[in-house]
Protein chains: 2
Amino acid sequence: MPDPLRSFIEVAPDSHFPIQNLPFGVFKPASGAARVGVAIGDQVLDLSVLEQNGQFASSEFKGQRVFSDQSLNRFMSLGQPAWRQTRAVLQHLLAANTSNLRDNTHLRAQAFHAQRDVVMQLPARIGDYTDFYSSYHHSHNVGTMLRGPENALMPNWKWLPVGYHGRASSIVVTGTDVRRPRGQTKPPDAAAPVFGPSRSFDYELEMAFFIGPGNPLGEPVPIERAPEQIFGMVLMNDWSARDVQAWEYQPLGPFLAKNFCTSISPWVVTMDALEPFRLALPPQEPEPLPYLRAQNDSTYNIQLEARLQTATMPEPHVITRTNFRHLYWSIAQQLAHHTVGGCNLQPGDLLASGTISGPTEDSRGCMLELTWRGANPLTLPNGESRKWLEDGDTLAITGWCEGDGYRVGFGEVSGRVLPA
Amino acid sequence: MPDPLRSFIEVAPDSHFPIQNLPFGVFKPASGAARVGVAIGDQVLDLSVLEQNGQFASSEFKGQRVFSDQSLNRFMSLGQPAWRQTRAVLQHLLAANTSNLRDNTHLRAQAFHAQRDVVMQLPARIGDYTDFYSSYHHSHNVGTMLRGPENALMPNWKWLPVGYHGRASSIVVTGTDVRRPRGQTKPPDAAAPVFGPSRSFDYELEMAFFIGPGNPLGEPVPIERAPEQIFGMVLMNDWSARDVQAWEYQPLGPFLAKNFCTSISPWVVTMDALEPFRLALPPQEPEPLPYLRAQNDSTYNIQLEARLQTATMPEPHVITRTNFRHLYWSIAQQLAHHTVGGCNLQPGDLLASGTISGPTEDSRGCMLELTWRGANPLTLPNGESRKWLEDGDTLAITGWCEGDGYRVGFGEVSGRVLPA
């Protein structure tokens, strides 16, 4: 049996970023402009340096230099052959028994930065952002609160991946504080709405994927070809103002309740890194229409947690434990549906899952469900209780795939709530 | 009394583009890259030439050269002082009694192109696009069809400008054919949905405005300062697949029914050009909350028409005659509401009105209303009838303000329906 893939860079056993992962991100070093890098252990490998060194000059790159860019958009647009070639080059160069980079002290000094010394940026310029509603348990729980268990799901829910267009401009990277929004809300007993800070401020545990080359307007992506369009995935927190949402959302959907801030993790984990954790999509009943059916359609075994730390807690407390596999619709189905009428996707577009809840109470992915609209407040280890997020609370979402002796992880997306 | 403002460029009396207008657009000349121009009569004045000639070097331009760009985004970001300075320079240079440009044969040959010789582009890279639902008559008509006249408007409708995020990537410029989308629909008597071409393909007569400098995330734009953020306006056709919409839209709003194509006119008419046609906003009852109230809030007297020409008709036939003044919510209210929770707007973002219908039957801005969901088909002058748009139909929207002896117009947005 061969040794497991191992890097000359030391990687802690619980690190999210072993050589099996190699997620892409955009970082700003202590001095100089932002550029593209890959996480390995607690280091960032600067791909612009390796590119200048001639490592990415094969035909897959179409003569383009893409790693000095301040976003991943051009790399995403190159498509799967370039993504795979880059991964192959990096897994070779970083391997314990490859000497080229390992023994080149000068190149190593140029190419590696400690992660603690860099500032992560948004990985892409996000042209359009779409949010789906693909968790059965989340949709069922929310529908039950609004309409009772018999009418919890709308008639369309099991026929198509319900989704809506979100706001791209207010997507921020982990570590950005989020200001509690003000807005119109209407208390049930009031004759008129009132204006003020949202009183039911929530998180939503989600994941999202980035689009690669994209498709021209009017040319749908058939579901069998969807995987070629998917560059990789990140964690997302779709911060939500529930009271604003309740008053505004009919009949055209959420608007100000969601568009004040959406946070994502900075490292984009590629589909090739997730490949060992692919699972068959559970059977869907009713059977989807043909344009939503693919041979071997897949989901992924990704463990997900949300952790809450109030201003007075010494450490975060896990309030959600769930898994990406609980989603009803696959990402290939989401993508095929999105384009079936001709909508064009572009490099860097972001498609999100919607809140990911599982079947158990502790696997619910937002406060709305965990506290059942505030009826059952959470009790935290230090005795505090929460119906919703309060000012000063920090909410972090993390996720990883558990390999045999290693983890392929997503790092985290974290944000602290500032007062309105 | 002074002579009316007049240009040395001949302008037909019914032209949309006299010297009083001077709308901005992005055009591609017969040879060379796209750049910024202004329409005057049947000509385009190339601003990149005047910029190289040193005409736009005053402090308002902050040392930037913006007119060789292939979009208006950077010019939009400069703000009202630069927009006004440009207008002042152009109204001076183009005036009949100013000799600088008029008598400079060489510069004139460089700077002017016949509009028929250039190809108009999208005026801006549109980062985010929002569509409001601000016509009382449209919302009331649609609500009446769905829920009866007593419940036509949702309780929130008169308290806030209802809106939703649309798809930016599929916004196209006039003249682009639009392909009838395929999608899921559910016939009322069927047990399951079916997939196929939309059978109720519609237009929506709208107008939209472009954002100027924008606001940082978390910093709302107070309504009194909204006008500084509004660069100018265009015509819009928000093509819609009504049968797709009916099946998909609950609970998160329209998605595939709208995102396959949205068309706009290429010339952006500035708010300064529209100033003579400003009207007081009619009283709103109930009185809006304070963040939606401005001294002297305004609307505009803009006449709007939609014209249908089927494949066999010799000329277009007007099917909608309406006016921008029929909108209930002002554009300042839309902008203030959009940002009140902290959402950031960016240069080139587009905010649309929603379908503009008036109080009379012939002022309804879409087939859904004109034919009352197909119950009362339109009869066209050649004897054809239409419940919805059919393949080969061309739908054009035009709009203008009627001045004293001149028109400030928007040109048109036109598109032809291709089969699925």
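Residues numbered from 1 in each chain as written. Chains lettered and ligands numbered in written order. Predicted model: local features only at pLDDT ≥ 70, side-chain atom pairs only at ≥ 80, totals over all residues. Heavy atoms only, no water.

**As for the overall build of chain A**
The helix and strand tally for chain A stands at 10 helices and 26 strands. If you line up chain A on its principal axes, its C-alpha atoms span 70 × 55 × 40 Å. Here chain A, with 420 residues, has 62% of them falling under the buried criterion. In chain A, the proportion of contacts linking residues at least 24 apart, taken out of those at least 6 apart, comes to 71%. When the accessible surface of chain A is split by element, carbon and sulfur atoms take 49% of a total near 15800 Å². Computed over 34 positive and 42 negative side-chain charges, the separation of the two mean positions in chain A equals 3 Å. (Helix = DSSP H or I, 4+ residues; strand = E, 2+ residues; numbered from the N terminus. Buried < 20%, exposed > 50% of the residue type's maximum accessible area, 1.4 Å probe, protein only. Contact = heavy atoms within 4.5 Å. Areas by Shrake-Rupley, 256 points an atom, 1.4 Å probe, with all protein chains shown as cover. Lys, Arg positive; Asp, Glu negative; His and termini not counted. Charge placed at Lys NZ, Arg CZ, Asp CG, Glu CD.)

**Quick look at the interface of chain B and chain A**
Across the boundary between the two partners, chain B contributes 54 residues, which contact 54 residues of chain A. Taken together, the two surfaces of chain B and chain A that pack against each other cover about 5100 Å², and 64% of this comes from carbon and sulfur. Our count for the contact surface shared by chain B and chain A stands at four salt bridges. Arg167(A) serves as the salt-bridge partner of Asp349(B), at 2.6 Å between the closest nitrogen and oxygen. Broken down by secondary-structure element, the contributors of at least two residues to the side of chain B that touches chain A are β6 (129-132), β7 (163-166), β10 (182-185), β11 (194-197), α7 (242-248) and α9 (331-339) of chain B. Among the elements that make up the side of chain B that touches chain A, the one with the highest residue count is β7(B) (four residues). Looking at side-chain class alone, the side of chain B that touches chain A contains 30 nonpolar, 18 polar and six charged residues. (Buried area = accessible area lost by both parts, 1.4 Å probe. Salt bridge = Lys/Arg side-chain N within 4 Å of Asp/Glu carboxyl O. Nonpolar A, V, L, I, M, F, W, Y, C, P; charged D, E, K, R; others polar.)

**Quick look at the pairing of strand β1 (residues 24-28) of chain B**
Residues and elements named next belong to chain B. Among the five residues that make up β1, four are buried, leaving the element largely enclosed by the rest of the structure. Of the pairings in the sheet, the one linking β1 to strand β2 (residues 35-40) comprises four bridges and is antiparallel in character. Bridging across to β2, phenylalanine 27 finds its partner in arginine 35. Between β1 and β2, which pair antiparallel one after the other, the connecting turn spans six residues, and glycine 32 there sits at a positive phi close to 110°. Both β1 and strand β5 (residues 119-120) contribute to a ladder of two bridges, which runs antiparallel. (Pairing = 2+ DSSP bridges.)

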